[in-house]
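Structural overview for review
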There are 2 protein chains.
Amino acid sequence: MSLDETTEKPHEALSRHLSDGMAAVDALIRERMVSESAPRIADLTAHLIGAGGKRLRPLMTLAAADLCGYEGPYAVHLAATVEFIHTATLLHDDVVDESEQRRGRPTANLLWDNKSSILVGDYLFARSFQLMVDTGRLRVLAILANASATISEGEVLQLTAAKDLRTGEDTYLKIVRGKTAALFSAATQVGGVIADAPEAHEQALFDYGDALGIAFQIVDDLLDYGGNSDATGKNIGDDFREQKLTLPVIKAVAAADEAERAFWKRTIEDGDQQDGDLDEALRLLAKHGAMEATRQDALAWADKAKEALSVLPDRPVRQMLMDLADYVVERVR
Amino acid sequence: MSLDETTEKPHEALSRHLSDGMAAVDALIRERMVSESAPRIADLTAHLIGAGGKRLRPLMTLAAADLCGYEGPYAVHLAATVEFIHTATLLHDDVVDESEQRRGRPTANLLWDNKSSILVGDYLFARSFQLMVDTGRLRVLAILANASATISEGEVLQLTAAKDLRTGEDTYLKIVRGKTAALFSAATQVGGVIADAPEAHEQALFDYGDALGIAFQIVDDLLDYGGNSDATGKNIGDDFREQKLTLPVIKAVAAADEAERAFWKRTIEDGDQQDGDLDEALRLLAKHGAMEATRQDALAWADKAKEALSVLPDRPVRQMLMDLADYVVERVR
């Protein structure tokens, strides 16, 4: 599969196919994000929610519900819920990471202050649970409360494990599930739940979101050592400079000899970096085939995502979701 | 009513009366606050939850359920839920306020870092919703999601209104409901909900918690201009130095002449404070009877709390809750 600028991308095709639902999601988000008593809340959320994200997660929920034949009103509530949880975690992440840019614009913590970012994140989180209550489905609340706990656990784990050379692929996977995959898998699963899909379909939707999220994060980590800043909005080596132990490095550390371990310890654990260290890191990643092995992992997760969909009905949305899995790994294929 | 050190305080009497339930709440909190994948979470929560708070909010929930004749297992879940939400807001508040002490011990943000405080707060919030799901009651989720939204709105409102001399008593009340009363009123209300109490009883429990929380906060604000640091853990004038527009000052500003308004603008809005300014503030509060008027408000809210209970069954817990309302205003009576 090959995509150039003139081809419609899979998430664009999904957006078009589900445009009525996405318009309703937008309207609901705008309605629920305001607070009559605290006007600053709308300033902050409008800044973030208007920042031109792809709305990938709400799209996943609508697509999953559509795939399971749902025609009721509540997929829209769940899609807005998922976007609220996502926005709340972005607000808190930007404080935690001391970020200055998000989607090419200054972050809310830079424009307002960390205090507002923390409190408005809390507000959106509470609002997301109000939206779920509207659906009248306890199972939806259970799934998204679990996902929210997994997200925080993953982020806390990242704080403690990110610079620790003992961190292995198992821990990396837990962190990635928390940071990225847990909300994707919950987003697709609740689409099945609201449609009263059979358990096997619900599980397949969970597996799709989980594998898609993991593939997405691995590609992101890989491009950090080999993409270009135009494509990703990141510079090569950002993760290295920020001493983040991502999958390519974990694989290279596992294969390292004594001198190489000392290099990783100095640069990643101790953060003592000098000119030329990034080049040396890239050389070691190549030497041990860590880039290629990481690439193969990403492709395998994308395949897993597609396979999961095979038990679901062959509706147009299914092919679009499969294409999306291909698209996620397109830049490293 | 008069209390000295040897008399059992109302919250102690409640704790003793509900000791089996409170032991179960403790056990459930300890079980649910840990995270297998992120051990740091338990360090932080143990620090806070073991910090010797009165557990007033979970006590309110158990007391309300008991008052409505509930004998099932889920009041304990709701009591733990309320304590988790309270702990999550404390963790985030300490980051927002840049606090260094809480209950006489260093705050978590000082011992670990702001990042952990934000993320562990999010984790506890997610855990609280998991506990609510266990009860199988959507109405409980609705009430506590609404309370959580009100808490964040109140805190955001405080950020924008706290130093603004135009802030009136209406806004003050909104802030106090968010900061303090919303979780008290939700804590007592859900105790009634789980007991399937009639609507009038549920409303009475809400009104009790609301009025108690407001009385509690007004007393706190009053003592800041007239208590002593032994009793409150605060020094006289802390709110003044932190430029917080609390109820006594709002009343004094409303009665101020031009020169006095200039004084409040300089000290509270602009934060330009000099030696002797606190004495001048205390003189103006006395001159306009602002201290006495604030005291009367606190007593009126305490009375309102007690009156609300009159429709509820005359069980032993009811008298203890009435005594608690008296106790809250005891220091300013």
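Refer to the structure printed above.
Computed from a predicted structure; not experimentally measured. (Residues numbered from 1 in each chain as written. Chains lettered and ligands numbered in written order. Predicted model: local features only at pLDDT ≥ 70, side-chain atom pairs only at ≥ 80, totals over all residues. Heavy atoms only, no water.)

Topic: the overall build of chain A
Counting secondary structure elements, chain A contains 17 helices and two strands. Within chain A, buried positions represent 57% of all 333 residues. Across chain A, every contact between residues at least 6 apart in sequence was considered, and the portion connecting residues at least 24 apart equals 75%. Counting every atom, chain A has about 13,500 Å² of accessible surface; 46% of that belongs to carbon and sulfur. (Helix = DSSP H or I, 4+ residues; strand = E, 2+ residues; numbered from the N terminus. Buried < 20%, exposed > 50% of the residue type's maximum accessible area, 1.4 Å probe, protein only. Contact = heavy atoms within 4.5 Å. Areas by Shrake-Rupley, 256 points an atom, 1.4 Å probe, with all protein chains shown as cover.)

Side note on the interface of chain A and chain B
With 40 residues of chain A at the interface, the matching set in chain B holds 40 residues. Of the roughly 3,600 Å² buried where chain A meets chain B, counting both sides, 77% is carbon and sulfur surface. Put simply, chain A and chain B have zero salt bridges between them. Applying the counting criterion to the chain A and chain B interface returns eight residue pairs in polar contact (both at pLDDT 80 or more). If you list the elements that add at least two residues to the side of chain A that touches chain B, you get helix 3 (40–49), helix 5 (74–96), helix 7 (114–135) and helix 8 (138–161) of chain A. The element that contributes the greatest number of residues to the side of chain A that touches chain B is helix 8 of chain A, accounting for 14 residues. In the side of chain A that touches chain B, the residues fall into 20 nonpolar, 10 polar and 10 charged. (Buried area = accessible area lost by both parts, 1.4 Å probe. Salt bridge = Lys/Arg side-chain N within 4 Å of Asp/Glu carboxyl O. Polar contact = N/O pair within 3.5 Å; in protein donor to acceptor, adjacent residues only side chain to side chain. Nonpolar A, V, L, I, M, F, W, Y, C, P; charged D, E, K, R; others polar.)

Some remarks on the side chain of Thr135(B)
Residues and elements named next belong to chain B. Mapped onto the fold, Thr-135 is located in helix 7 (residues 114–135). In terms of polar contacts, Thr-135 uses its side chain to reach the backbone carbonyl oxygen of Met-132, at 2.6 Å. In this structure, Thr-135 is in contact with Tyr-74, His-77, Leu-78, Val-140 and Ile-194, ignoring residues within four places of it in sequence.

Re the relation of the copies chain A and chain B
Once turned by 180° and shifted 0.0 Å along the axis, chain A lies on chain B with an RMSD of 0.0 Å. Taken together, the turn and the small shift mark the pair as related by a two-fold rotation axis. Residue Leu138(A), judged by its C-alpha, is the member of chain A lying nearest the rotation axis, at 3.4 Å. (Least-squares fit on C-alpha atoms with pLDDT ≥ 70 in both.)

What about the packing of aromatic side chains?
All names here are of chain B. As enumerated under the stated definition, the model contains 10 aromatic pairs over all chains in all. Seen in terms of ring centroids, Phe-125 and Phe-129 are 5.2 Å apart; in terms of plane orientation they differ by 85°. Their pairing is edge-to-face. Of this pair, Phe-125 and Phe-129 both sit in helix 7, four residues apart, which is roughly one turn of the helix. When sorted by exposure, Phe-125 lands in the same class as Phe-129, which is buried. (Phe/Tyr/Trp six-rings, centres within 6.5 Å; stacked < 30°, edge-to-face > 60°.)

Topic: the environment of Ala197(B)
All names here are of chain B. Along the polypeptide, Ala-197 turns up in the loop between helix 9 (169–194) and helix 10 (199–223). Taking the C-alpha atoms as reference points, Ala-197 and Gly-69, 128 residues apart in sequence, are found 8.6 Å from one another. If sequence neighbours within four positions are ignored, Ala-197 has contacts with Cys-68 and Gly-192.

Overview of the pattern of salt bridges
Residue and element names in this part refer to chain A. Using the criterion set out here, one finds 46 salt bridges over all chains in the structure. Between Arg-32 and Glu-31 there is a salt bridge; the shortest N-O distance is 3.5 Å. Put simply, Glu-242 and Lys-244 hold a salt bridge, and the shortest N to O gap is 3.4 Å.

A word on unusual backbone geometry
Residues and elements named next belong to chain A. A positive phi angle is found at Gln-243, which is not glycine, with a value near 55°. For Gln-243, the position within the fold is in the loop between helix 12 (238–241) and helix 13 (247–254). You can call Gln-243 buried: its relative accessible area is 15%.

Section: the packing of helix 2 (residues 19–32) of chain B against helix 5 (residues 74–96) of chain B
All names here are of chain B. Close contact between helix 2 and helix 5 brings their axes to 9 Å; oriented N to C, the two are set at 60°. Classified by the angle between their axes, helix 2 and helix 5 sit oblique to one another. Once helix 2 is placed against helix 5, the crossing between them reads as right-handed. Residues Gly-21, Ala-24, Val-25, Leu-28, Ile-29 and Arg-32 of helix 2 lie in contact with helix 5, whose contacting residues are Val-76, His-77, Ala-79, Ala-80, Glu-83 and Phe-84. Counted by class, the contact of helix 2 with helix 5 contains eight nonpolar, two polar and two charged residues. (Axes fitted to C-alpha atoms, helices over the stretch in contact; angles between N-to-C directions. Parallel < 35°, antiparallel > 145°, perpendicular 65-115°, else oblique. Left-handed = near helix turned anticlockwise from the far one by under 90°.)

Here's the deal with the nonpolar core
Formed by 230 residues in total, the largest nonpolar core has its most connected members in Leu14(A), Tyr208(A), Trp264(A), Leu14(B), Tyr208(B) and Trp264(B). Setting aside residues up to four positions removed in sequence, Tyr208(B) forms contacts with Met60(B), Thr188(B), Ala305(B), Ala308(B), Leu309(B), Leu321(B), Leu324(B) and Ala325(B). (Core = buried A, V, L, I, M, F, W, Y, C linked by side-chain atoms within 4.5 Å.)

A closer look at helix 4 (residues 56–67) of chain B
All names here are of chain B. Between its first and last C-alpha, helix 4 extends 16 Å over 12 residues, near the 16 Å set by a 1.5 Å rise per residue. Counting buried positions over the 12 residues of helix 4 gives 12, a clear majority of the element. Turning to helix 4, the residues buried within the fold contact helix 1 (10–17), helix 2, helix 5, helix 9, helix 10 and helix 17 (316–330). One or two steps after helix 4, the chain reaches Gly-69, where phi turns positive at roughly 80°. (Expected span 1.5 Å × (residues − 1).)

Let's talk about helix 16 (residues 290–308) of chain B
Residues and elements named next belong to chain B. Counted at 1.5 Å a residue, the expected span for helix 16 with its 19 residues is 27 Å, and the 27 Å between its end C-alpha atoms agrees. Those residues of helix 16 that sit buried are Ala-290, Thr-294, Ala-298, Leu-299, Trp-301, Ala-302, Ala-305 and Ala-308. Considering only its buried residues, helix 16 is in contact with helix 9, helix 10, helix 13 (247–254), helix 15 (277–287) and helix 17.

Some remarks on the packing of helix 5 of chain A against helix 7 of chain B
Between helix 5 of chain A and helix 7 of chain B, the least distance of the axes is 9 Å, while the angle of their chain directions is 160°. The orientation of helix 5 of chain A with respect to helix 7 of chain B, classified from their angle, is roughly antiparallel. In this structure, the crossing between helix 5 of chain A and helix 7 of chain B has a hand that is left-handed. Packed against helix 5 of chain A, whose contacting residues are His92(A), Val95(A) and Val96(A), the element helix 7 of chain B presents Lys115(B), Ile118(B), Leu119(B) and Asp122(B) at the interface. Within the contact of helix 5 of chain A with helix 7 of chain B, the residues separate by chemical class into four nonpolar, one polar and two charged.

Overview of the environment of Leu141(A)
As for its placement among the helices and strands, Leu141(A) is situated in helix 8. The exposure class assigned to Leu141(A) is buried, which follows from its relative accessible area of 0%. Apart from residues lying up to four places away in sequence, Leu141(A) is in contact with Phe129(A), Met132(A), Val133(A), Val133(B), Leu138(B) and Leu141(B).

Thoughts on the side chain of Gln243(B)
Separated by 2.8 Å, the side chain of Gln243(B) and the backbone oxygen of Ile268(B) make a polar contact. Residue contacts for Gln243(B): discarding those within four places in its chain leaves Ala162(B), Lys163(B), Thr267(B), Ile268(B), Glu269(B), Asp270(B), Gly271(B) and Gln273(B).

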